[in-house]
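A structural walkthrough
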Amino acid sequence: MLIVADENIPLLDSFFDDIGEVRRVSGRGMSPEDVQDADVLLVRSVTRVDRDLLEGSRVKFVGTATIGTDHVDVPWLESRGIAFCAAPGCNANSVAEYVLSVVSLHIEKKGLKDWADLSVGIVGAGNVGSELARKLDWLDCTVKLCDPPRAALEGEEGFVSLDEALACDVITLHTPLTRDGEHATYHLLGAGRLQALRADQLLINSGRGEVVDCRALLDRLDEANPPTVVLDVWEQEPRISPELVDRVWIATPHIAGYSLEGKVQGTEMIYQGLCRFLGLPVRKKAGQFLPEPALSKLSFTSAASEWSATTVAMRSCYDPRMDDSRLRLTMDREARERGGAFDRLRRDYPVRREFSSVKIQLKGTSKSLQDTFRALGFKLKI
Ligand SMILES: NC(=O)c1ccc[n+]([C@@H]2O[C@H](COP(=O)([O-])OP(=O)(O)OC[C@H]3O[C@@H](n4cnc5c(N)ncnc54)[C@H](O)[C@@H]3O)[C@@H](O)[C@H]2O)c1
Ligand SMILES: O=C(O)[C@H](O)[C@H](O)COP(=O)(O)O
């Protein structure tokens with residue numbers, strides 16, 4: 001059996017080499033010739049999987065090691081009897097930690113040292129939005145969830161309108177990219193809604209770039225009293241707008257979900273999907289391939305303030321400003337080289353471990369500090 005796979009999927013051999021021959025190809029540049037003789041196709045989000053790629057091939061199973069599926073023409077796969085599997089939730093915790101890290105920097109920038117003063121509007125309350133809401137709730141933020149498709153379901157309640165979510169101190173977008181239907185998200189935030197944002201607000205987009213009209217955003221950021229904006233996702237990746245990078249506060253190259261745990265869980269989920277499809281037993285688990293983290297323990301005593309202890313711990317694991325600096329350094333290249341540079345930042349992404357990989361040792365500290373560490377997802381050793 002021939003498995004053609006995006007070379008950027010981690011642990012391809014560890015998971016798949018006893019199922020078939022694995023051929024690695026570039027995800028961004030994948031062509032019909034690459035997949036023609038494949039039985040199985042494994043991709044990430046940069047490969048458009050549709051009739052143009054697969055017509056005439058013998059592919060019978062497609063797996064994407066990502067949460068988002070907007071790059072896959074699922075109805076066409078169904079019409080051809082090609083099985084499909086994605087990785088829902090695989091990197092949800094990674095994205096939640098990205099947003100928490102950004103919000104903690106924002107709190108400091110505003111001269112505050114407490115999560116509780118903040119209201120956060122979460123647009124899209126699925127795997128990512130719900131995980132983020134759970135953590136923010138524990139941190140005593142006021143959380144408002146906007147999710148019209150869920151709100152329309154029987155028994156679901158407690159959701160707010162988009163306008164109410166957009167009035168919060170922090171707005172964070174976690175919808176899929178959809179272009180049709182009642183709840184389409186393409187350019188959900190267009191000129192009108194961007195116009196209404198205030199200078200004291202923070203807008204974070206780590207869903208999909210096209211959910212925000214980036215041309216209208218650029219115009220808004222050039223006007224008086226613009227909001228603060230953090231973008232992980234962009235229209236027209238990998239050839240993103242340098243003008244927009246220049247005007248946003250934190251700019252990262254679509255890596256919110258790039259914790260090692262998130263990426264490896266993505267591979268694990270398509271491995272499980274392929275095993276189900278082939279009727280094979282599932283013998284491997286993501287956990288067996290995760291190395292010991294470089295940082296596995298941190299200690300704090302009662303001398304450390306709650307804010308400094310938790311932000312030191314968070315930033316020891318992940319600081320979005322590092323990704324921001326790396327992306328900005330690529331912006332002075334020639335236009336034709338910038339897309340490649342964006343993709344290389346993603347391909348060569350440094351190992352980033354989730355907060356749960358670090359054990360926090362606390363001596364004589366308060367119950368409230370313990371609770372905050374737990375809320376953030378750290379393991380405690382008291
Ligand atoms: N930046 C990254 O690295 C990264 C990583 C993972 C996921 N993502 C993106 O984030 C998206 C969300 O991930 P998820 O795991 O939470 O997906 P999910 O499918 O679990 O949840 C998405 C939620 O959005 C809601 N929704 C749909 N249309 C909406 C609308 N118009 N307004 C408000 N809510 C709406 C859905 O009802 C659903 O509850 C993915 O589709 C993917 O595109 C980005
Ligand atoms: O949808 C997802 O899971 C994310 O956007 C994913 O992390 C994107 O990473 P890529 O597939 O582009 O490597």
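Note that the coordinates shown come from a computational prediction; the quantities given were computed from them, not determined experimentally.

Here the focus is the site of ligand 2. Around ligand 2 sit Arg 44, Ser 45, Val 46, Thr 66, Ile 67, Gly 68, Asn 91, Arg 208, His 254, Tyr 258 and Arg 346, and those are all the residues in its vicinity. Note that an oxygen atom of ligand 2 is positioned 3.0 Å from one of the side-chain N or O atoms of Asn 91. Compared with its free state, where it exposes 350 Å², ligand 2 has 94% of that area covered by protein. Within the shell around ligand 2, the residues separate by chemical class into three nonpolar, five polar and three charged.

What follows is about the pattern of salt bridges. Applying the stated criterion across every chain, the model contains 26 salt bridges. In this structure, Asp 39 engages Arg 58 in a salt bridge whose closest nitrogen and oxygen atoms are separated by 2.9 Å. With Asp 39 in the loop between helix 2 (32-35) and strand 3 (40-43) and Arg 58 in the loop between helix 3 (51-54) and strand 4 (61-64), the pair connects residues that are 19 residues apart, well separated along the chain. A single salt-bridge network, built from bridges that share partners, covers Arg 51, Glu 55 and Arg 80.

Looking now at helix 12 (residues 260-278). Helix length check: helix 12, at 19 residues, gives a terminal C-alpha distance of 27 Å against a target of 27 Å (1.5 Å per residue), a fit within 8%. At the C-terminal side of helix 12, Gly 279 shows a positive phi close to 70°.

Turning next to the site of ligand 1. Taken together, 28 residues form the shell around ligand 1, and within it Asn 91, Asn 127, Val 128, Asp 147 and Asp 232 come nearest. Summarising the interface, the protein chains cover 87% of the accessible area of ligand 1, which totals 850 Å² for the free molecule. When contributions to the shell around ligand 1 are tallied by element, the ones reaching two or more residues are helix 6 (127-138) and helix 7 (148-151). Counting residues per element, the shell around ligand 1 draws most heavily on helix 7, at three residues.

Taken together, the five strands give an open sheet; going across it, the order is 2-1-3-4-5, and neighbouring strands pair in parallel fashion. Both outer strands of the open sheet, strand 2 (21-25) and strand 5 (83-85), are each paired with one neighbouring strand and no more. Between one strand and the next, the sheet's axes are offset by a mean angle of 15°, whatever the strand orientation. Here strand 1 (residues 2-6) pairs with strand 3 via three bridges, running parallel.

Let us look at the domain arrangement of the protein. Considered domain by domain, the protein is made up of domain 1 (2-86 + 259-289), domain 2 (92-251) and domain 3 (297-334 + 349-381). The gap between the C-alpha centroids of domain 2 and domain 3 is 22 Å. At the junction of the two partners, domain 2 supplies 26 residues and domain 3 supplies 21 residues. Inspection of the domain 2/domain 3 interface yields one salt bridge. The closest approach of N and O atoms between Arg 315 and Glu 108, which form a salt bridge, is 3.0 Å. At the junction of domain 2 with domain 3, the criterion picks out ten residue pairs in polar contact (both at pLDDT 80 or more). Elements with a contribution of two residues or more to the side of domain 2 that touches domain 3: helix 5 (92-109), helix 6, helix 11 (242-247) and strand 11 (250-251). If one sorts the elements of the side of domain 2 that touches domain 3 by residue count, helix 5 sits on top with eleven residues. Taken together, the residues of the side of domain 2 that touches domain 3 break down into 16 nonpolar, four polar and six charged.

Before going further, it helps to spend a moment on unusual backbone geometry. For the bond running from Glu 237 to Pro 238, omega is 5°, close enough to zero to count as cis. Note on placement: Pro 238 falls in the loop between strand 10 (228-231) and helix 11. With a phi close to 60°, Gln 236 is a non-glycine residue in the positive phi region. Assignment of secondary structure puts Gln 236 in the loop between strand 10 and helix 11. A positive phi angle, close to 55°, is found at His 254, a residue other than glycine.

Calculation criteria
Residues numbered from 1 in each chain as written. Chains lettered and ligands numbered in written order. Predicted model: local features only at pLDDT ≥ 70, side-chain atom pairs only at ≥ 80, totals over all residues. Heavy atoms only, no water. Near = heavy atom within 4 Å. Polar contact = N/O pair within 3.5 Å; in protein donor to acceptor, adjacent residues only side chain to side chain. Areas by Shrake-Rupley, 256 points an atom, 1.4 Å probe, with all protein chains shown as cover. Nonpolar A, V, L, I, M, F, W, Y, C, P; charged D, E, K, R; others polar. Salt bridge = Lys/Arg side-chain N within 4 Å of Asp/Glu carboxyl O. Helix = DSSP H or I, 4+ residues; strand = E, 2+ residues; numbered from the N terminus. Expected span 1.5 Å × (residues − 1). Pairing = 2+ DSSP bridges. Axes fitted to C-alpha atoms, helices over the stretch in contact; angles between N-to-C directions. Domains from an automatic or database assignment. Contact = heavy atoms within 4.5 Å.

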